[in-house]
Amino acid sequence: MIDYLRGTVAEITPTATVIDCNGVGYEVNITLIDYPSLSEGANGKLYIHESIREDAHVLFGFLRKRTRELFRLLIGVSGVGPNTARLILSSLTDEQLENAIASGNDSQLKAVKGIGGKTAQRIIVDLRDKIKVVSDSLISSTPSAESYDDSLAALVMLGFTTQQSQKVLKKLFADNPALTTEKAIKLALTML
């Protein structure tokens, strides 16, 4: 399995790119949201999902791991294929999709071309328990998401409840999104 590709963007269109990795060009399908962040001739890194079928070997690439995780969750829903999932992720940001699912907002999903009421409801029902809650998704959109997750894991391992830890960490990261894991843990310990 390919986890990611890093190389020069040899070609780019709004829906696909070719990443040149040491002389080998990989054609990768991308989302419209990621397209503006890639430019021909620049170096790029895409997290890859491989779709291997009898008639094709297709790569889907994403700038963020979280987007790839959402893509994989979406294609696990009955009736949602890779192209539909890519269309959803081209129409909604990670945070918008997470919030729509967590809050049960099927109208936001139905606004995506090709998504009907039944499919929108199926996505919500199947994925509601698998994504972060609305307030956590706001945190996951920041660069400090990894620090937040690491801090939460550390506090839980120290014996604090997940709910207590989340409450304190949300406040800390809301006040200072650039906190390091170490600093967040120290501050949280003074508040718990």
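Residues numbered from 1 in each chain as written. Predicted model: local features only at pLDDT ≥ 70, side-chain atom pairs only at ≥ 80, totals over all residues. Heavy atoms only, no water.

## Considerations on the overall build of the protein
Secondary structure assignment for the protein yields nine helices and five strands. The order of helices and strands in the protein, counted from the N terminus, is β-β-β-β-β-α-α-α-α-α-α-α-α-α. Each of the three principal axes of the protein carries a C-alpha extent, and together these read 55 × 45 × 30 Å. For the protein, the proportion of its 192 residues judged to be buried stands at 41%. (Helix = DSSP H or I, 4+ residues; strand = E, 2+ residues; numbered from the N terminus. Buried < 20%, exposed > 50% of the residue type's maximum accessible area, 1.4 Å probe, protein only.)

## Some points on unusual backbone geometry
The phi dihedral of Asn 22 is positive, around 55 degrees, even though this residue is not glycine. Here Asn 22 is to be found in the loop between strand 2 (16–21) and strand 3 (24–29).

## Notes on helix 5 (residues 117–127)
Because each turn of an α-helix spans 3.6 residues, side chains separated by three or four positions end up pointing in the same direction. What helix 5 keeps buried is the set Thr 119, Ala 120, Ile 123, Ile 124 and Leu 127. Each buried residue of helix 5 sits inside an arc of 135 degrees when the element is viewed along its axis, so together they form one side. Every exposed residue of helix 5 that faces more than 90 degrees away from the buried side is listed here: Lys 118 and Val 125. (Arc of directions from axis to C-beta.)

## Structural notes on the pairing of strand 3
A regular strand carries its side chains on alternate faces of the sheet. Here strand 2 pairs with strand 3 via six bridges, running antiparallel. For Ile 19, the partnering residue across the bridge sits in strand 3 and is Tyr 26. Between strand 2 and strand 3, which pair antiparallel and follow one another directly, the connecting turn spans two residues, one of which, Asn 22, has a positive phi of 55 degrees. (Pairing = 2+ DSSP bridges.)

## Re the pattern of salt bridges
Tallied over the full model, the rule gives nine salt bridges. The partner of Arg 66 in a salt bridge is Glu 69, and the shortest N-O contact between them spans 2.8 Å. Of this pair, Arg 66 and Glu 69 both sit in helix 1 (residues 65–75), separated by three residues, roughly a single helical turn. Under the relative-accessibility criterion, Arg 66 is labelled buried at 17%. The residue Lys 110 makes a salt bridge to Asp 106 at a minimum N-O spacing of 3.7 Å. Here the residue Lys 110 and the residue Asp 106 both occupy positions in helix 4 (residues 106–110), the gap between them amounting to four residues, near one helical turn. (Salt bridge = Lys/Arg side-chain N within 4 Å of Asp/Glu carboxyl O.)

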